[in-house]
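Spelled out from the first residue to the last, the chains are:
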Amino acid sequence: MNPILKGAPWLVAHRSMLGIDKPYKLTLNGCDYVLWQNRNGDIFALENACPHMQAPLSNGWICQANNSIMCPFHALEFDGKGRLLKDGEPKGEPVARNLELIIQDDLIWTYGGFEPRLSIPELIPERTERLRFLGVACNKSIQTNFLSCIKINYDFNHQNGVHRDVFKIRENPVQTFDKDGYYARVVQTFFREDNTISEILQNPSLLSVPKEIQNELEYTFPSTALFKAELALGALLQFFILYPETEHQTRTFVLCYGNWQIPLLKVPGLRALIERSLLEATAKVVEQDSRAVESLYPQQKPKIRLPKEEIMFYVESLYNEW
Ligand code: FES
Ligand SMILES: [Fe+2]
């Protein structure tokens, strides 16, 4: 396939997604790779097709002692540089191509082997210093193209349709839209309707969501959209991450961080309950977005225009003019 946004930095995983000494399969721009992390936190990445007879290395297993991966077909062993190992020792030059990774704290970035066109954004480390990492919500493939997926993150009118039952938003005026190249910032307010008792019982984290919420969104094209909401508990930061797996499939996951202010959250059982329900609510939002973009008919020139769509046109032009 023709790589999408060649030379863009892609955030492909958070360290917690890899586990320890387990193969993790990654598809980026039509190529499959296998990643693994050892106990010391070193991370390795090779193309997934075994250089012997092209078995998927991600179906193999990790040899802890050698920091190597074993092929599931004939049990050949490769180190993180892609060299064949014999009795634990590398034999000659690499035979499997390795994927260059850039590790930024717990975040795993890559240019997918292309010449970098943008530097790795500092948005996540800068905004999350001293915050609590809550976890990863909804690590899944969306069955549609990258442009449709990214556009919904810049679409300030879809809440009333796609998310009508979760947020119950009456109005969401945008106060600020600033853009500077690949970076953009939006401030908006959500005015919500009341939730019913049964909605709250199903999703207790709704109790922490006020009727009027000031949201700040920050974007670093093309991988990251930060949604920051001030809840009754403190600030909730959700980083919506996207990368192209193929022309018709896009990966998404959400990194969630909290800056809790209220002492009640020092009670570990209660905190775990609320944090779990925030992660579940986040996953539900992503499911709704995914279903919406997967169900679209092929794009045509719109015959109607809504307000605030200039934010969406901005991202569309960054994509088209890449
Ligand atoms: S296919 Fe991998 S060892 Fe043969
Ligand atoms: Fe959405």
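Numbers given to residues run from 1 along each chain, matching the order in which its sequence is written. All chains are assigned letters beginning at A, and all ligands numbers beginning at 1, according to the order in which they are written. This being a predicted model, a pLDDT of at least 70 is required before a residue's local features are given, and a value of 80 or more before pairs of side-chain atoms are given or counted; all residues contribute to the totals for chains, interfaces and linings. Think of the side-chain values as coming from all heavy atoms in the structure, minus any hydrogens and water.

Draft legend 1. Examining the pattern of salt bridges more closely. Should a side-chain nitrogen of Lys or Arg be within 4 Å of a carboxyl oxygen of Asp or Glu, the pair is scored as a salt bridge. Per the counting criterion, the structure on display carries 15 salt bridges. Close ionic contact of glutamate 275 with arginine 132 constitutes a salt bridge, the shortest N to O distance being 2.7 Å. On the criterion of sequence distance, the pair formed by glutamate 275 in helix α7 (residues 268–294) and arginine 132 in strand β12 (residues 132–142) is long-range, its members being 143 residues apart. For the salt bridge of arginine 305 with glutamate 310, the shortest nitrogen-to-oxygen distance reads 3.9 Å. By sharing partners, the salt bridges in this structure join Glu126, Arg127 and Glu218 into a single network. Helix numbers and strand numbers start at the N terminus; a helix is a DSSP run of H or I with at least 4 residues, a strand a run of E with at least 2.

Draft legend 2. Spotlight on the environment of leucine 217. Within the secondary structure layout, leucine 217 lies in strand β16 (residues 212–220). Look at leucine 217 and you get buried, because its relative accessible area is 7%. In this structure, the C-alpha to C-alpha distance between leucine 217 and phenylalanine 227, residues 10 residues apart in sequence, is 4.7 Å. Contacts are assigned to residue pairs that have any heavy atoms within 4.5 Å of one another. Once you skip the residues sitting within four places of it in the chain, leucine 217 turns out to touch Phe156, Ala184, Arg185, Val186, Gln188, Leu226 and Phe227. Under the scheme applied here, a residue whose accessible area is under 20% of the maximum for its type counts as buried, over 50% as exposed, and between as partly exposed, the area being computed with a 1.4 Å probe on protein chains only.

Draft legend 3. Spotlight on the domain arrangement of the chain. Boundaries of every domain are those given by an automatic assignment or by a domain database. Partitioning the chain into domains gives domain 1 (10–110) and domain 2 (123–296 + 303–320). On a C-alpha basis, the centres of domain 1 and domain 2 stand 32 Å from each other. With 17 residues of domain 1 at the interface, the matching set in domain 2 holds 18 residues. Scanning the region where domain 1 abuts domain 2 turns up zero salt bridges. Within 3.5 Å is the distance limit for a polar contact, defined as a pair of N or O atoms, with the added protein rule that one can donate a hydrogen and the other accept it, and that residues adjacent in sequence qualify only through two side-chain atoms. At the junction of domain 1 with domain 2, the criterion picks out four residue pairs in polar contact (both at pLDDT 80 or more). Secondary-structure elements contributing two or more residues to the side of domain 1 that touches domain 2 are β1 (10–14), α1 (15–18), β2 (24–28) and β11 (107–110).

Draft legend 4. Representation of the sheet that holds β1 within the structure. If you walk across this open sheet you meet the three strands as β1-β11-β10, and the pairing is antiparallel. This sheet does not close on itself; its edge strands, each paired only once, are β1 and β10 (102–104). Strand-to-strand twist of the sheet, defined as the mean angle between neighbouring strand axes without regard to direction, takes the value 30°. Sheet analysis places β10 next to β11, joined by three bridges and oriented antiparallel. Bridge pairing in β11 links isoleucine 103 to isoleucine 108. DSSP-based pairing: two strands are paired if at least 2 bridges between them are found. Comment: axis = line fitted to C-alpha atoms, over the contacting stretch for helices; angle = value between 0 and 180 degrees taken between N-to-C directions.

Draft legend 5. View of the packing of helix α3 (residues 146–153) against helix α8 (residues 310–320). Packing of α3 against α8 brings their axes to within 9 Å, and their N-to-C directions diverge by 150°. As the angle between them shows, α3 and α8 are arranged roughly antiparallel. As α3 packs across α8, the resulting crossing turns out to be right-handed. Here α3 contributes Phe146, Leu147, Ile150 and Lys151 to the contact with α8, which in turn contributes Met312, Val315, Glu316 and Tyr319. Three residue categories are used. Nonpolar comprises Ala, Val, Leu, Ile, Met, Phe, Trp, Tyr, Cys and Pro, charged comprises Asp, Glu, Lys and Arg, and polar comprises the others, including Gly. In terms of residue class, the contact of α3 with α8 is built from six nonpolar, no polar and two charged. Angle categories: roughly parallel below 35 degrees, roughly antiparallel above 145, roughly perpendicular from 65 to 115, and oblique for all the rest. Crossing handedness is defined as follows: a turn of the near helix away from the far one that is anticlockwise and smaller than a right angle gives a left-handed crossing, while the clockwise case is right-handed.

Draft legend 6. The pairing of strand β18 (residues 234–246), seen in detail. Of all the 13 residues making up β18, 12 are buried; the element is thus mostly covered by neighbouring parts of the structure. Bridge analysis of strand β17 (residues 224–231) against β18 gives eight bridges, and the strand direction is antiparallel. By the bridge assignment for β18, alanine 229 is matched with leucine 236. Where β17 folds back onto β18 in an antiparallel hairpin, the turn is made up of two residues. Alignment of β18 against strand β19 (residues 249–260), held across 12 bridges, turns out to be antiparallel. Within the sheet, the bridge partner assigned to alanine 235 lies in β19 and is asparagine 259. In this structure, the hairpin formed by β18 and β19 is closed by a connection of two residues.

Draft legend 7. Summary view of the sheet that holds strand β3 (residues 31–37). Read across the open sheet, the three strands follow the order β2-β3-β4; overall the sheet is antiparallel. Looking at strand neighbours, the two that pair on one side only are β2 and β4 (43–47), the edges of this open sheet. For this sheet, the mean angle separating the axes of adjacent strands, direction not counted, is 30°. Bridge count between β2 and β3: five bridges; the pairing is antiparallel. Residue pairing across strands places leucine 26 opposite tyrosine 33, the latter belonging to β3.

Draft legend 8. The arrangement of the packing of aromatic side chains in detail. Two rings from Phe, Tyr or Trp (for Trp, the six-membered ring) form a pair when their centres are within 6.5 Å of each other. A pair whose planes differ by under 30 degrees is stacked, one over 60 is edge-to-face, and the rest are tilted. This structure, assessed with the given rule, holds 12 aromatic pairs. Between phenylalanine 133 and tyrosine 257, the aromatic rings sit 5.2 Å apart at their centres with planes inclined by 55°, giving tilted as the arrangement. Placement of phenylalanine 133 in strand β12 and of tyrosine 257 in strand β19 is noted, with a sequence separation of 124 residues between them. A residue is classified by how much of its surface remains accessible, and tyrosine 257, at 7% relative accessible area, is buried. Ring centres of phenylalanine 239 and tyrosine 257 lie 5.7 Å apart, and the angle between their planes is 90°; on these two criteria the pair is classed as edge-to-face. Taken as a pair, phenylalanine 239 in strand β18 and tyrosine 257 in strand β19 lie far apart in primary sequence, 18 residues in all. The class of phenylalanine 239 is buried, set by a relative accessible area of 0%. By the criterion adopted, a ring carries a charge over it if an Arg CZ or a Lys NZ lies within 6 Å of its centre and within 35 degrees of its normal. Sitting over the ring of tryptophan 322, arginine 117 keeps its end group 4.2 Å from the ring centre.

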